[in-house]
Amino acid sequence: MVIMAGMADHERKIVIEFCHLLEKSKQLFNGLRDLPQYGHKQWQAYFGRTFDIYTKLWKFQLQHRQVLDTKYGLKRWQIGEIASKIGQLYYHYYLRTSETNYLNEAFSFYAAIRGRAYYSRASKEDRSDLMVKKLRYYARFIVVCLLLKKMKLVKDLVTELDKQIVDYTSTYEPDDQLEWSLVLEEIKSFTKADEIVSVLHPDSNKIVLSHRLSPLTTPPVERSPMMNLTLQEILIVGNCNDQVKFSELTMDMFRMLQTLEREPQDDFNHIYDASPAPGRVPLALTPGCLQDKGYSLPGGAKGMYPLVSSCQENGDRPIKRENPHKYMLYKPTFSQIMVFLASGFKEMPPSGALMMYISADGCFSSMKHCEDMGYDLGGVLTSSKKELDHPNKKAIQLKEMHCLYPGDLYPFTRKPFFIIVDSDNSFVFQHIPHYFGQPLVILMSPQDVPSAFQDQQHNGSLFTLFLHSPLTAFCFICNLHNIPYHLWERCQSFIDRFVTEASRLFTRCRIDTSYLQFFGDDFLRLLLLRYVFCDVVLHLHRSFKGHQFRPRCQPPLPDGDLLVHPALQRMVLDLASHLEVRGHFMETNEVD
């Protein structure tokens, strides 16, 4: 509590105004959790007010530092807490807009907090709640670093977090000791699982590659007027019970999220981890910098509210975004999936496409006779959230209510719909009908993997890995866990040639028009061509004999003109020879 006695009038006014701005900022920040997670227009004005108040708060404490230090008793951890909230604002703005530049802003603020040791004296305050704030800051910073693939820094932060948790639990013996230990184990398991194949620098240090879309990795295409759709709305669903996860991201969600984003505009050449060394702080934080001993205004005099024109609408004409908008749903209920799908469906502009990616455990049907392809074959599991099943469900053969069935998606085929299902019951989605004549494509994972790869399933799905990083998946199924960087680069050129040839074949073979309408979009074209690579590779691999080990798609892609085309098969075998793993693959005349 601040004692006002003995203060001059101007000092009292400064302290009162600071307390007002601080309280107002907390109220607005806490109100963010009550905003709807779906839709675009409902939350932008509120975010604007929140950014504005934090701009005023930061300016004010900078202008009146001496008074606030001496009369209010402003501490460094309090400044760090404000900067941490700004980092959270940018992170949540990234989640709502899918623009990676805002993720970089969040990183800049979090890195400055660490570099300037704002929380260094938190343990000296003898307050357990302050230590919890410090631990949460570390957890949030690690999430941002993971998303930006700054894995060197992640390892440093995990080491620091481990030490902080030890200090916290030994000092306060708190009730949440087990929870923080679990958080630490989750992070360690997640980072280990992500290192499924290591690319090594000549000095044997690991190089962490980015797999976001850049001009260098955008597949070429022979464009036609039919290629008129752009991916606008995406729903990414993760509900694999046994898969590694951190925060509310499973490994499959983590990989697909990056696959569906472009490299930030100022970072096209970011192909490996450029994490700052420990203690090093970026000299320029965009927008603005925490200068003047770490206390100046982020965003400069103009404030720090991001320009929202990238996701606002100008009348009825949507302004082009760098990335399609994404909803991330971790273990959602059926009703949550429907709400977010409906929102994406509603927000989609003309010539837009809706995409749904589902990574989930299968929900299998026990019905002996199939009358309705939409519901009688099962689907994928959704979260139950303590809802009660019907007590006599088995006796009267009711269907599982905590399941997303193919029939649940029928209404959304009224608009262009691109579906990816990664599940051990994925094939049931191949029967979704073309009721409304709109473009509809469904990519389905293999329903099984060979026993040699079963133990790795909890580290992420092989099918999603192929869609995320084809060369990583290729090395993995050939038991290559370490590869020199120079060899990786040469092998990547094989992948590039495959993609170029597959793209040429795609546009020239007799193919369902749904594919061609989606093919003009960079992200959807990338996914389709990586699907082709996955299918060709698994078809040739000796361990993947059997239809259950191959992916499927609907409408079917042509075999002779594409999936078993001699030129594509030859490129895969050349890649295997270059990696000296040719023995894992059959000769083309052996393939059924």
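These figures come from a predicted structure and were not determined experimentally.

1. Looking at the overall build of the protein chain
Along the protein chain, the regular secondary structure elements total 18 helices and 16 strands. Within the protein chain, the fraction of its 592 residues that count as buried is 57%. Within the protein chain, contacts between residues at least 6 apart in sequence are counted, and of these 75% link residues at least 24 apart. In the structure as shown, the protein chain presents an accessible area of about 26400 Å², 51% of it carried by carbon and sulfur atoms.

2. Things to note about the sheet that holds strand β13 (residues 417-422)
Across the sheet, which stays open at both edges, the 6 strands sit in the order β8-β3-β9-β13-β14-β16 with mixed pairing between neighbours. Among the strands making up the open sheet, the edge pair consists of β8 (325-330) and β16 (552-554). Each neighbouring strand pair of the sheet contributes to a mean axis angle of 10°, computed without reference to strand direction. Sheet topology places β13 next to strand β14 (residues 440-444); 5 bridges connect them, and they run parallel.

3. Quick notes on helix α16 (residues 522-540)
Its 19 residues give α16 an end-to-end C-alpha distance of 27 Å, which sits within 8% of 27 Å, the value for a rise of 1.5 Å per residue. α16 sits mainly inside the fold: 19 of its 19 residues count as buried.

4. With respect to the sheet that holds strand β2 (residues 206-207)
The strand order β2-β1-β15 describes an open sheet built from 3 strands, whose pairing is mixed. Edge positions in the open sheet fall to β2 and β15 (482-484), since each of these has one partner strand only. Inspection of the sheet shows strand β1 (residues 198-200) paired to β15 by 3 bridges, in the parallel sense. Residue pairing across strands places S198 opposite N482, the latter belonging to β15.

5. Concerning the confidence of the model for the protein chain
Atom-level detail of predicted coordinates should not be read off regions where pLDDT is low. Per-residue pLDDT for the protein chain averages 85, and the proportion of residues at 70 or more is 86%. Across residues 305-320, where pLDDT falls below 50, the model places 28 contacts with residues more than four positions away in sequence or in other chains. When the criterion is pLDDT under 50, residues 390-396 qualifies, and its contacts beyond four places in sequence or with other chains add up to 5 contacts.

6. Examining the packing of helix α8 (residues 177-194) against helix α9 (residues 251-259)
Viewed as axis vectors pointing N to C, α8 and α9 meet at an angle of 55°, and their least axial separation amounts to 11 Å. Taken together, the axes of α8 and α9 lie oblique to each other. You can see that α8 and α9 cross each other, and the crossing is right-handed. Contacts between α8 and α9 involve F190, A193 and D194 from the first element and M251, F254 and R255 from the second. Of the residues belonging to the contact of α8 with α9, the class tally is 4 nonpolar, no polar and 2 charged.

What counts and what doesn't
- Residues numbered from 1 in each chain as written.
- Predicted model: local features only at pLDDT ≥ 70, side-chain atom pairs only at ≥ 80, totals over all residues.
- Heavy atoms only, no water.
- Helix = DSSP H or I, 4+ residues; strand = E, 2+ residues; numbered from the N terminus.
- Buried < 20%, exposed > 50% of the residue type's maximum accessible area, 1.4 Å probe, protein only.
- Contact = heavy atoms within 4.5 Å.
- Areas by Shrake-Rupley, 256 points an atom, 1.4 Å probe, with all protein chains shown as cover.
- Pairing = 2+ DSSP bridges.
- Axes fitted to C-alpha atoms, helices over the stretch in contact; angles between N-to-C directions.
- Expected span 1.5 Å × (residues − 1).
- pLDDT = per-residue confidence, 0-100.
- Parallel < 35°, antiparallel > 145°, perpendicular 65-115°, else oblique.
- Left-handed = near helix turned anticlockwise from the far one by under 90°.
- Nonpolar A, V, L, I, M, F, W, Y, C, P; charged D, E, K, R; others polar.

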